[in-house]
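What the coordinates show
Chain residues, written in single-letter form:
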Amino acid sequence: MASMLDSVDQRTRLVGQNRLEILMFGLSGRQKFAINVFKVQEVVQLPKMTLMPHRHPSVCGVVNLRGQTLPVIDLSRAIGLRPLVPDERSTIIVTEYNRSVQAFLVGGVDRILNLNWEEVLPPPSTAGRQHYLTAITKVDEQLVEVIDVEKVLAEIVPYDTSISAETLADPILERARGREVLCVDDSVVALAQLRETLSQLDITVHTASDGLKGLNRLKAWADAGEVLTDRLLMVFTDAEMPEMDGYRLTTEIRKDPRLKDLYVVLHTSLSGSFNLAMVQKVGCDNFLSKFQPEKLVDVIRDRLLQDESN
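On a predicted model such as this, the values are computed, not experimentally measured, just so you know. (Residues numbered from 1 in each chain as written. Predicted model: local features only at pLDDT ≥ 70, side-chain atom pairs only at ≥ 80, totals over all residues. Heavy atoms only, no water.)

**A look at the sheet that holds strand β16 (residues 286-289)**
Each strand in a sheet pairs with another by means of backbone hydrogen bonds, the pair being arranged parallel or else antiparallel. What the five strands build is an open sheet, ordered β13-β12-β14-β15-β16; its pairing is parallel. Two strands in the sheet have a free side with no partner beyond their single neighbour: β13 (204-208) and β16. The average angle at which neighbouring strand axes cross in this sheet is 25 degrees, direction not considered. Relative to strand β15 (residues 264-268), strand β14 (residues 232-237) is paired through three bridges, and the arrangement is parallel. From the neighbouring strand, Phe236 faces β15, where its bridge partner is Val265. Helix α5 (residues 188-199) rests against β12 (180-184), β13, β14 and β15 of the sheet, and its axis sits at about 170 degrees to β13. Contacts from helix α8 (residues 246-255) reach β12, β14 and β15 within the one sheet, and its direction differs from that of β15 by about 175 degrees. (Pairing = 2+ DSSP bridges. Helix = DSSP H or I, 4+ residues; strand = E, 2+ residues; numbered from the N terminus. Axes fitted to C-alpha atoms, helices over the stretch in contact; angles between N-to-C directions. Contact = heavy atoms within 4.5 Å.)

If you want it as structure tokens, here you go:
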């Protein structure tokens, strides 16, 4: 099963083309689900699992895989479906999110598909599991639901957005008070993390749930005569989003003379080594792995110092 996955180097050719690859799988029913292949390290049969006392209800246990001890999360139970029953024939998807590696127990892997982000839409407000979805698409006339894994993980290991008093005492950060930023992300958890952290600096946060909405917001401000570099300290954008990804959003910003000088930060749970290369390819100004409040403040501080030098 691990052979289903191409190397990261091969997949980087999709970047900037508004395309993605998804890994489709089942859980406890007939509905098909998916996650981005970029987040997947391998797909393997469940090794011998050790149970843990006082574990989260969605955590089945831990496994040792290639020298790493990984939690095994029942993804079906985590999103409110019927729990899976692990056995020696079970499948796990090993993933990396926000610099942590974990395994998701699934009902079985279907296939990998290459899609255009324009074919991937935000979940409708009537979706029963909208709380755990970032997007939907259709494959062979069947609905496929893309899971908000960041929300699943945040419910198992709650995130901390607090900034140390020592950091907040930095006089340079006083210049951030009253400034504005635009945060573009399809995950409600990621937007909440950014908002809660930036509010400690008295920064006003505008949000958009995908790249196209973010671009339209920027263009609407520009159409109204706003000088965007005066209004916005920076733009934070996720990499993978329905309708328009963060790489294409950055490309479109650089193509518009009214927007091209905006400071754009790629804020993503994808691997750092991959994104550092992609930042240069599409023209982002900085890169930040999710979710690191203190490093987020460092990015703000660096931007303020850059403003001062100019």
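**Focus on the layout of surface pockets**
For the largest pocket, the calculated volume is near 380 Å³. Counting only elements with at least two residues in the lining of the largest pocket, the list comes to β6 (68-74), β8 (100-106), α3 (149-156) and α5. Per-element accounting of the lining of the largest pocket gives the leading share, four residues, to α3. Per-class residue counts for the lining of the largest pocket are 13 nonpolar, four polar and three charged. (1 Å grid on protein atoms, 1.4 Å probe; cavity = no way out; pocket = protein on both sides within 12 Å on 5 of 7 lines; lining within 4 Å. Points joined across faces, edges and corners; volume = space filled by probe spheres on them. Nonpolar A, V, L, I, M, F, W, Y, C, P; charged D, E, K, R; others polar.)

**What about the pairing of β14?**
Of all six residues in β14, six are buried; the element is thus mostly enclosed. For β12 and β14, the ladder comprises five bridges, and the chain directions are parallel. Looking across to β14, one finds that Val184 is bridged to Thr237. For the handedness criterion, the β-α-β arrangement of β14, α8 and β15 is classed as right-handed. (Buried < 20%, exposed > 50% of the residue type's maximum accessible area, 1.4 Å probe, protein only. Right-handed = clockwise from strand over helix to strand, strands pointing away.)

**Some thoughts on the pattern of salt bridges**
Enumeration according to the criterion identifies 22 salt bridges in this entry. A salt bridge links Arg231 to Glu226, with the nearest nitrogen and oxygen atoms 2.9 Å apart. Close ionic contact of Lys260 with Asp261 constitutes a salt bridge, the shortest N to O distance being 3.5 Å. Residue class for Lys260 comes out partly exposed when judged on its relative accessible area of 39%. By sharing partners, the salt bridges in this structure join Lys32, Asp110, Arg111 and Asp140 into a single network. (Salt bridge = Lys/Arg side-chain N within 4 Å of Asp/Glu carboxyl O.)

**Quick notes on the environment of Ser187**
For Ser187, the location among the structural elements is in the loop between β12 and α5. The exposure class of Ser187 is buried, given its relative accessible area of 2%. Here Ser187 is in contact with Thr134, Asp148 and Glu150, once residues within four sequence places are set aside. Within polar-contact distance, the side chain of Ser187 engages the side chain of Asp148 at 3.2 Å. At a separation of 3.5 Å, a polar atom in the side chain of Ser187 contacts the side chain of Glu150. (Polar contact = N/O pair within 3.5 Å; in protein donor to acceptor, adjacent residues only side chain to side chain.)

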